[in-house]
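# Analysis of the macromolecular model
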Amino acid sequence: MLANGTQIAISATETKSIEDLRVGDTIWAAGLGRDWKTATVQFSNGTGPDSAFQAVQCIIDGGRELICVRRQKLLTTRGLLSTENILPGDRLIQADGQTVQIVALAMGTSTRGEHAVATSIRPTSDPEGHLIVAQGVIVADYMLNIGSWSAHHEAPVA
């Protein structure tokens, strides 16, 4: 789950706040090969704008930030890793394949509320079609996140 206000790519050039995405909308999705295509949102749910949640704040080169739940999967140069397994200095992969460095990580409480979207309604451990672009970097959608939690593994970069 990502903080309300997180910008999700809906095409190569457009984004939309995650909490504004509804079932039936389209977003940009891919697998580890990063062959980007539009995909239909099959799941969209979250909390209100003033709801608190335990969060990880990733500060990325250039001042961007990504605020997400503690076990959110992010695509790094070391693979698809949970925020529990990333460190400052790790490099996140962007949709175009370029990388950006994580400058700092902080844990705490976010009061923005949280929201999740996915391109299916069933948990999966297969990243194909379940990687999305949030704040310009590649992350797992909700069903890949919860499917990966139950599978207890980290996916390598293709």
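Use the structure listed above.
In this text, all values refer to a predicted model and were calculated from it rather than measured experimentally.

### Observations concerning the pattern of salt bridges
Scanning all chains against the criterion turns up five salt bridges. Ionic pairing is found between D35 and K37, a salt bridge with its closest N-O pair at 3.4 Å. Take D35: its relative accessible area is 49%, and that puts it in the partly exposed class. In this structure, E65 and R112 form a salt bridge, with 2.8 Å as the shortest nitrogen-oxygen distance. Of this pair, E65 sits in strand β8 (residues 64–68) while R112 sits in the loop between β12 (99–110) and β13 (114–118), and the two are 47 residues apart along the sequence. You can call E65 partly exposed: its relative accessible area is 22%. What makes R112 partly exposed here is its relative accessible area of 34%.

### A look at empty space enclosed by the protein
In the structure shown here, the tally under the stated rule is one cavity of 30 Å³ or more. Around the largest cavity sit M1, L2, I18, Q72, H115, A116, V117, I132, A140, D141, Y142 and N145, which together line it. For the lining of the largest cavity, the secondary structure elements donating two or more residues are β13 and α1 (142–151). Of all the elements, β13 adds the most residues to the lining of the largest cavity, at three residues. Of the residues contributing to the lining of the largest cavity, the split by class is eight nonpolar, three polar and one charged.

### Points about the pairing of strand β5 (residues 37–40)
Alignment of strand β4 (residues 26–30) against β5, held across four bridges, turns out to be antiparallel. Each bridged residue has a counterpart across the sheet, and for W28 the counterpart in β5 is T38. Connecting β4 to the antiparallel partner β5 that follows it, the hairpin turn spans six residues, and R34 within it adopts a positive phi of roughly 60°.

### Quick notes on the packing of aromatic side chains
Within this structure, the stated rule accounts for two aromatic pairs. Taken together, a centroid distance of 5.1 Å and an interplanar angle of 25° make the contact between W28 and W36 stacked. The buried category is assigned to W36, whose relative accessible area is 15%. Aromatic pair F43 and Y142: ring centres 5.1 Å apart, planes at 10°, arrangement stacked. Of the two residues, F43 sits in strand β6 (residues 43–46) while Y142 sits in helix α1, which places them 99 residues apart along the sequence.

Reading guide: rules and limits
- Residues numbered from 1 in each chain as written.
- Predicted model: local features only at pLDDT ≥ 70, side-chain atom pairs only at ≥ 80, totals over all residues.
- Heavy atoms only, no water.
- Salt bridge = Lys/Arg side-chain N within 4 Å of Asp/Glu carboxyl O.
- Buried < 20%, exposed > 50% of the residue type's maximum accessible area, 1.4 Å probe, protein only.
- Helix = DSSP H or I, 4+ residues; strand = E, 2+ residues; numbered from the N terminus.
- 1 Å grid on protein atoms, 1.4 Å probe; cavity = no way out; pocket = protein on both sides within 12 Å on 5 of 7 lines; lining within 4 Å.
- Points joined across faces, edges and corners; volume = space filled by probe spheres on them.
- Nonpolar A, V, L, I, M, F, W, Y, C, P; charged D, E, K, R; others polar.
- Pairing = 2+ DSSP bridges.
- Phe/Tyr/Trp six-rings, centres within 6.5 Å; stacked < 30°, edge-to-face > 60°.

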